[in-house]
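Examination of the molecular architecture
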Amino acid sequence: MTTAELFSPTESGYLSQLTRAADRFADRAERRERHQELLRTRGVLYADEPERVEKRLNRLGTDWSQARAIDREPTEPRTTSGSTLRLPPEHFGSDMLGLERLIGRNNLTPVAFLEKGALVARSVGRITLSGPGGGHGTGFMVSPSLLLTNNHVVRSQEEARRSTVAFALQAGVDGRPLVPAVFQLEPQRFFVTDRELDFTLVAVAERGGRGEALSSFGLLPLSEEQGKIVIGEFVNIIQHPAGEPKQVALRENQVVDILDRFLHSTTDTLRGSSGAPVLNDQWEVVALHHSAVPKTDAEGRPLSVDGTLWTPEMGEERVAWVANEGVRISRILRTLSTISLTGTAARLRDEVLTAGPTGESVAVPVGVPRPVAPSPPPVDGAGGLPGADGTRVQVTDGIAHLTVPLRISVGLDLPARPVTSMSTPAPFLAPAPPSPPAAPADGASAVERDMEAALISLRLGRERPYYDRQADAVARDTYYAGIDTGDAEALRRALTELLEDTHSPRPRYRPNRLVYPWVDLHRDGRLRSIYSGKDFAPEEFIRADAAVAEARLARVQELFARERAAGPAEFEAEFDALEALMPFNCEHVVPQSWFAHKEPMRGDLHHLFACEVGCNSFRNNFAYFDFPNFQEVEREECGMRDPVGSDRSVIGFEPESGKGAVARATLYFLLRYPGLVGDVRTEFPESRLPTLLAWHAGEPVSEYERHRNAAIAELQGDRNPLIDHPEWAQKIDFSGVWP
């Protein structure tokens with residue numbers, strides 16, 4: 001959805017949805033406090049209705065006598081008839097571990113819990129709505145053909161026709177991204193939606209964009225039976241928060257109230273998680289996540305994190321949240337069963353109602369094959385390129401196939417719009433021994449010729465000096481001749497004018513040709529991720545980019561064939577959605593969204609660095625930030641981030657490596673494009689300038705950066721003043737670079 005639609009004051013708007021959720025939460029405050037007190041003093045078995053507790057225990061395969069033997073209090077619950085269950089305590093052993101988890105006394109969990117969760121997660125995908133009002137949500141398969149999500153994610157058949165769902169959009173066990181499988185939604189086959197319960201059930205194509213079978217991703221059967229959850233238990237949510245790769249909020253998410261149609265929990269979700277399954281510890285779906293619950297004032301108006309009234313202009317990250325709300329699955333199934341359907345639609349609906357035997361565990365196929373993606377031409381005698389795990393690129397009838405679980409992206413020029421950043425999934429290739437590239441074969445595609453040109457550039461680069469210090473010193477002195485450093489503001493203005501005048505030519509964004517073969521190389525001839533510090537052979541990036549370019553070209557051709565009547569705005573939204581779905585392995589230290597993906601900023605080599613796609617996605621578009629050692633943040637090998645902040649007011653990313661280089665690249669960007677960054681709150685604010693200056697001072701300019709600077713000057717004319725004259729950082733008045 002667009003921001004305007006999300007925050008519209010109309011009945012269908014985001015604000016209205018939050019208000020209704022907040023009203024339901026507020027109306028239950030007294031009852032919820034009573035639940036919390038019972039949880040604190042007596043335990044899970046006493047916080048909910050006795051009837052529901054009985055059903056829960058029965059579903060877990062135990063009875064009250066076993067439950068009370070390990071509970072805090074021996075008090076017995078009433079049955080629905082008012083009498084009590086008086087069964088003698090019995091001895092129990094390891095078979096009671098599940099019940100201990102229910103009561104919340106023991107966090108020891110069988111390994112099968114994680115193994116089953118990984119299988120369940122396969123059925124959860126990210127929904128992307130392209131075109132006007134585009135955005136992301138989460139959904140999951142509930143039958144062989146149908147996917148469940150929220151009404152506010154996919155509201156109509158028209159929106160469904162413009163939507164896709166991507167499975168396996170996540171990291172693999174080696175930390176590298178898998179190859180997503182993208183499927184078109186097919187509302188013409190089945191589409192049912194309910195605004196009040198906020199659910200949409202829609203058919204999904206049987207085959208993905210590269211021939212993947214939908215059946216390989218399994219399903220999560222739904223059950224209307226009671227006893228799947230009680231107040232005080234912990235739930236799990238598998239989700240795509242903020243449209244990011246798949247994540248899970250695991251167990252530390254307590255159900256605090258169960259209403260007739262909804263349940264409330266304290267769960268870590270972000271925008272984009274709408275439509276995610278809420279699951280108990282047996283991985284049964286208990287609810288459909290659909291809304292966060294905001295903190296409100298006495299009049300029911302949402303409050304911001306600082307206690308003031310929240311307004312849409314503040315952005316969603318400034319809302320003070322208190323809980324999350326899910327729609328109970330039993331109520332969705334009850335509504336679905338009452339809808340009058342005939343023919344194929346009725347059959348597909350019935351598959352949901354009978355997707356799995358009552359009370360049976362989720363059945364997801366084990367060992368399903370990975371999706372395949374087009375890959376580069378063969379480079380070894382066996383007709384393929386070997387990977388680190390024994391996989392192989394194979395070309396058959398002119399079509400290349402690859403099953404290594406990694407994704408990168410490649411640029412592609414189209415006449416209608418510079419869509420060089422639009423991407424489609426493909427894996428990283430394992431390091432291959434360098435070999436002199438052969439001349440392109442007759443009839444080679446444009447992508448193959450581009451790849452061969454990049455490999456030739458790489459080979460030629462190995463034959464030239466890596467960095468000529470003396471020649472670069474002469475070039476530097478000549479470049480800044482006449483620059484007066486006596487006045488801070490005048491210095492900044494002079495540098496901005498110099499950078500703009502000398503920035504010629506202005507290359508388009510083509511990392512395969514311009515970044516990997518020479519600009520971003522280190523002295524040892526390898527690439528290093530700017531955030532994680534991991535090194536890669538440049539051939540990996542070049543060949544893999546070529547593979548993705550072929551796949552992307554096919555996607556673009558398909559798009560034009562399918563959307564001939566669409567206008568420029570629809571195509572641009574589609575391209576942007578594809579780029580967000582599958583980012584490049586090349587990082588813009590100033591995120592593209594901050595300058596609307598426009599040139600020359602997009603292709604400006606001074607702020608482009610090699611970066612594996614996992615770190616690229618983890619950073620997202622968060623501004624750089626320096627976290628204190630005690631800060632509770634998300635940590636990965638590429639750095640730390642806090643997408644909402646512990647006080648829900650801080651947004652930032654701190655890289656594991658490369659702080660000095662990214663600081664100097666960002667400072668260059670601020671000088672080169674004054675007034676372009678910082679016009680909205682989520683972009684780099686002036687208050688973060690001391691962070692850049694501290695990183696700049698803390699890591700001296702390296703030979704690698706001086707090589708980059710000289711190489712970029714050859715390609716686009718201008719230089720980075722912070723690399724050439726690090727001391728100028730304290731002399732420049734940067735205040736004029738913000739709007």
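All of these numbers come straight from a predicted model, not from anything done at the bench.

Considerations on the packing of aromatic side chains
For the structure shown, the criterion picks out 17 aromatic pairs. Ring geometry for Tyr479 and Tyr480: centres 4.8 Å apart, planes at 85°, overall edge-to-face. Exposure remark for Tyr479: the relative accessible area of 13% places this residue in the buried category. Grouping aromatic residues by their ring pairs yields a cluster made of Tyr531, Phe618, Tyr624, Phe653 and Trp695. Sitting over the face of the ring of Phe262, Arg24 holds its NZ or CZ atom 3.9 Å from the ring centroid. The ring centre of Phe609 lies 3.8 Å from the NZ or CZ of Arg708, which sits over that ring.

A short note on the sheet that holds strand S23 (residues 652–655)
Read across the open sheet, the 3 strands follow the order S21-S22-S23; overall the sheet is antiparallel. What marks the edges here is a single partner per strand, and that holds for strand S21 (634–636) and S23. Across the sheet, the axes of successive neighbouring strands diverge by a mean angle of 15°, strand direction being ignored. Strand direction decides the pairing type here: strand S22 (residues 639–642) and S23, joined by 4 bridges, are antiparallel. Within S23, the position partnered with Gly639 by the bridge is Pro655.

Focus on the pattern of salt bridges
Scanning the model with the defined rule gives 35 salt bridges in all. Residue Arg493 is joined to Glu489 by a salt bridge in which the shortest nitrogen-to-oxygen separation is 3.0 Å. A residue pair is termed a helical-turn pair when its members lie 3 or 4 positions apart in one helix, as Arg493 and Glu489 do in helix H13 (residues 488–502) at 4 residues. Here Arg708 makes a salt bridge to Asp520, at a shortest N to O gap of 2.7 Å. Within this pair, whereas Arg708 is found in helix H20 (residues 703–716), its partner Asp520 is found in the loop between helix H14 (511–519) and strand S17 (527–528), the two being separated by 188 residues in sequence. The exposure classification of Arg708 matches that of Asp520, with both residues buried.

Describing empty space enclosed by the protein
Scanning the model with the defined rule gives 5 cavities of 30 Å³ or more in all. Reported here for the largest cavity is a volume of approximately 130 Å³. In this structure, the largest cavity is lined by Arg52, Glu225, Gln226, Gly227, Lys228, Ile229, Ile258, Leu263, Val286, Arg328, Ile329 and Ser330. Its residues assigned to classes, the lining of the largest cavity comprises 5 nonpolar, 3 polar and 4 charged.

Describing the sheet that holds strand S12 (residues 277–279)
Taking strand neighbours across the sheet as the criterion, the 7 strands line up as S9-S8-S12-S13-S14-S11-S10 in an open arrangement whose pairing is antiparallel. Of all strands in the sheet, those with a lone pairing partner are strand S9 (247–249) and strand S10 (255–258), marking the two edges. Strand-to-strand twist in this sheet, taken as the mean axis angle between neighbours without regard to direction, amounts to 35°. With 2 bridges joining them, strand S8 (residues 236–239) and S12 adopt antiparallel strand pairing.

What about the pairing of strand S11 (residues 262–265)?
Alternating positions in S11 separate into two faces, Phe262 and His264 on one and Leu263 and Ser265 on the other, with burial throughout. Pairing between S10 and S11: 3 bridges, direction antiparallel. Across the sheet, Val255 pairs through a bridge with Ser265, a residue of S11. What sits between the antiparallel neighbours S10 and S11 is a turn of 3 residues.

As for unusual backbone geometry
Here the residue pair Ser504 and Pro505 is connected by a cis peptide bond, since its omega of 0° sits within 30 degrees of zero. Locating Pro505 in the fold gives a position in the loop between H13 and H14. At Asp198, a residue that is not glycine, the phi angle is positive and equals roughly 55°. Along the chain, Asp198 falls in the loop between strand S6 (191–194) and strand S7 (199–203). Given a relative accessible area of 5%, Asp198 falls into the buried group.

Considerations on the environment of Pro302
With respect to the element layout, Pro302 can be found in the loop between strand S13 (285–294) and strand S14 (321–328). Pro302 sits in the buried class, given a relative accessible area of 7%. On a C-alpha basis, the gap between Pro302 and Thr19 in space is 7.4 Å, while along the polypeptide they are 283 residues apart.

So, the pairing of strand S1 (residues 124–129)
Across a regular strand the side chains alternate sides, sitting on one face of the sheet and then on the other. With 6 of its 6 residues buried, S1 lies for the most part within the structure. Looking at chain direction, S1 and strand S2 (residues 135–141) are connected through 6 bridges and run antiparallel. Within S2, the residue paired with Leu129 across the bridge is Gly135. Two successive antiparallel strands, S1 and S2, enclose a turn made up of 5 residues, where Gly131 displays a positive phi of approximately 80°. Bridge count between S1 and strand S4 (residues 163–167): 4 bridges; the pairing is antiparallel. Considered in S4, the bridge of Leu129 is made with Ser163.

Digging into the packing of helix H9 (residues 329–338) against helix H10 (residues 343–353)
Running from amino to carboxyl end, H9 crosses H10 at an angle of 155°, the nearest separation of the two axes being 10 Å. Between H9 and H10, the interaxial angle falls into the category roughly antiparallel. The two elements H9 and H10 meet at a crossing, and its hand is left-handed. In this structure, H9 uses Leu333, Leu336 and Ser337 to contact H10, whose residues at the interface are Arg349, Val352 and Leu353.

Observations regarding H14
Here H14 lies mainly inside the structure; 7 of its 9 residues are buried. Of all the positions in H14, only Pro511, Asn512, Val515, Tyr516, Pro517, Trp518 and Val519 are classed as buried.

Parameters at a glance
- Counting restarts for each chain: residues are numbered from 1 in the order of the written sequence.
- Under the rules for a predicted model, residues below a pLDDT of 70 receive no local features and side-chain atom pairs below 80 are neither given nor counted, while totals for whole chains, interfaces and linings still include all residues.
- Side-chain measures here rest on the full set of heavy atoms in the structure, leaving out hydrogens and waters.
- Ring pairs are drawn from Phe, Tyr and Trp, using the six-membered ring of Trp, whenever the two centres fall within 6.5 Å, and their geometry is named by plane angle: stacked under 30 degrees, edge-to-face over 60, tilted for the rest.
- Residue burial is assigned from relative accessible area. The probe radius is 1.4 Å, only protein chains are included, and a residue is buried under 20% of its type maximum, exposed over 50%, and partly exposed in between.
- Only when the NZ of Lys or the CZ of Arg is both within 6 Å of the ring centre and within 35 degrees of the ring normal is a charge said to sit over the ring.
- At least two bridges found by DSSP between two strands is the condition for calling them paired.
- Comment: elements are numbered from the N terminus, with helices defined as DSSP H or I runs of at least four residues and strands as E runs of at least two.
- Between the N-to-C directions of two axes lies an angle of 0 to 180 degrees, each axis being a line fitted to C-alpha atoms and, for a helix, fitted only over the stretch in contact.
- Salt bridge criterion: a side-chain nitrogen from Lys or Arg within 4 Å of a carboxyl oxygen from Asp or Glu.
- With a 1 Å grid laid over protein atoms only, a set of points is called a cavity when a 1.4 Å probe fits there but cannot get out and a pocket when it is open yet has protein on both sides within 12 Å along at least five of seven lines; lining residues have an atom within 4 Å of a point.
- Grid points are joined across faces, edges and corners, and a volume is the space filled by probe spheres set on the points.
- Gly is placed with the polar residues, together with every amino acid not listed as nonpolar (Ala, Val, Leu, Ile, Met, Phe, Trp, Tyr, Cys and Pro) or charged (Asp, Glu, Lys and Arg).
- Here is the rule for angles: anything less than 35 degrees is roughly parallel, anything more than 145 is roughly antiparallel, 65 through 115 is roughly perpendicular, and the remaining ranges are oblique.
- Crossings are assigned a handedness: left-handed for a near helix turned anticlockwise from the far helix by less than a right angle, right-handed for a clockwise turn.
- Any two residues whose heavy atoms approach within 4.5 Å at even a single point are treated as in contact.

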